[in-house]
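What the coordinates show
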Amino acid sequence: MAKAMSKESITTPSAERLAEAARKEMSNGLPPVHLWDPPFCGDLDMRIARDGTWYYLGSPITRPALVRLFSTILRREDGKYFLVTPVEKVGITVDDAPFVAVDFDAAGQGDSQILVFETNVGDKVLASLDAPLRVEIDAKTGEPAPYVVVRSDLEALIDRKSFYRLIDIATHHNGNFGIWSDGTFFPIVPSEDALNA
């Protein structure tokens, strides 16, 4: 198919062409974007806001299925985000993390607890060594920003309600206040800070 496309059509970024390519590649699950090495074709006027809303040409993309489709061909390289198909790679803007963890299920307790997060685009991820949790604290405001890795260096910002639920089940371990999942302890803050909050 790549040979049938003109050089001009490949070098001009097109959301429609990206969506069509993603549909073809999704037939067997998530596309193997980590295996593709297409040429960079420029930037696309597409942005993912901090709340997980995707925008194209300044307007929100209101079709969840289309957002899900684009999310499957998203890749991060050197701190930048791209939509990638076998024949092209285009840059997009991501305000914070590309996904938002909007809910989670917890089973078990203590170090045998299991946490499975669900993102705004329907991904489910078990918090583990392969998909760690982390919390950044804003130096100016003291506000926490919690994240969980979803896949291949792509993170989800954990929404406020889910973070409060996590705090409710957090515990102290080795001088830190944090969360257990899949046998791994993920610190949020030092225990001393949690006790003084």
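Attention in this report is confined to the structure presented alongside it. Starting from 1, residues in each chain are numbered consecutively following that chain's sequence as written. Selection of residues for local features in this predicted model requires a pLDDT of at least 70, selection of side-chain atom pairs for listing and counting requires 80 or more, and totals for whole chains, interfaces and linings are taken over all residues. Remark: hydrogens and water are excluded; side-chain values derive from all non-hydrogen atoms of the structure.

**Topic: the nonpolar core**
The cut-off we apply is this: Here the nonpolar core consists of buried residues drawn from Ala, Val, Leu, Ile, Met, Phe, Trp, Tyr and Cys, with membership extended through side-chain atoms lying within 4.5 Å. For every residue, the accessible area obtained with a 1.4 Å probe (protein chains only) is divided by the maximum for its type, and the residue is called buried under 20%, exposed over 50%, and partly exposed between those limits. Working rule for contacts: check all heavy atoms of both residues, and any pair within 4.5 Å makes them a contact.
In this structure, F70, L83, I92 and F117 are the most contacted members of the largest nonpolar core, which totals 48 residues. Those residues in contact with F70 that sit more than four places away from it in its chain are A15, L18, A19, M46, W54, I61 and L83.

**Let's talk about the pairing of strand β4 (residues 74-77)**
The criterion, for reference: For two strands to be treated as a pair, DSSP must find no fewer than two bridges joining them. Numbering of helices and strands runs from the N terminus, with a helix taken as a DSSP run of H or I at least four residues long and a strand as a DSSP run of E at least two residues long.
Relative to strand β5 (residues 80-84), β4 runs antiparallel, the two being bridged by four bridges. When the bridges of β5 are listed, R76 appears paired with Y81. Two successive antiparallel strands, β4 and β5, enclose a turn made up of two residues, where D78 displays a positive phi of approximately 50°.

**Comments concerning the sheet that holds strand β10 (residues 133-137)**
What counts, and what does not: Lines fitted to C-alpha atoms define the axes, with helix axes restricted to the stretch in contact, and inter-axis angles between N-to-C directions lie between 0 and 180 degrees.
Taken in spatial order, the six strands line up as β9-β8-β7-β12-β11-β10 in an open sheet, and their pairing is mixed. Two strands lie at the open edges of the sheet, namely β9 (124-126) and β10, each paired on one side alone. Taken pair by pair, the neighbouring strands of this sheet meet at an average axis angle of 40°, ignoring direction. Bridge count between strand β7 (residues 99-107) and strand β8 (residues 114-119): six bridges; the pairing is antiparallel. Of the residues in β8, the one forming a bridge with A101 is T119. Each of β7, β8, β10, β11 (144-151) and β12 (154-158) touches helix α4 (residues 160-169); the most contacted strand, β7, lies at about 30° to it.

**Concerning the sheet that holds strand β2 (residues 54-56)**
Overall, mixed pairing links the six strands, which are arranged β3-β2-β1-β6-β5-β4 in an open sheet. Both outer strands of the open sheet, β3 (59-60) and β4, are each paired with one neighbouring strand and no more. Taken together, the three bridges between strand β1 (residues 40-48) and β2 define a ladder with antiparallel strand orientation. Paired with R47 across the two strands is Y55, which belongs to β2. Lying on the sheet, helix α3 (residues 64-71) is in contact with β1, β2, β4 and β5; it crosses β2 at an angle near 95°.

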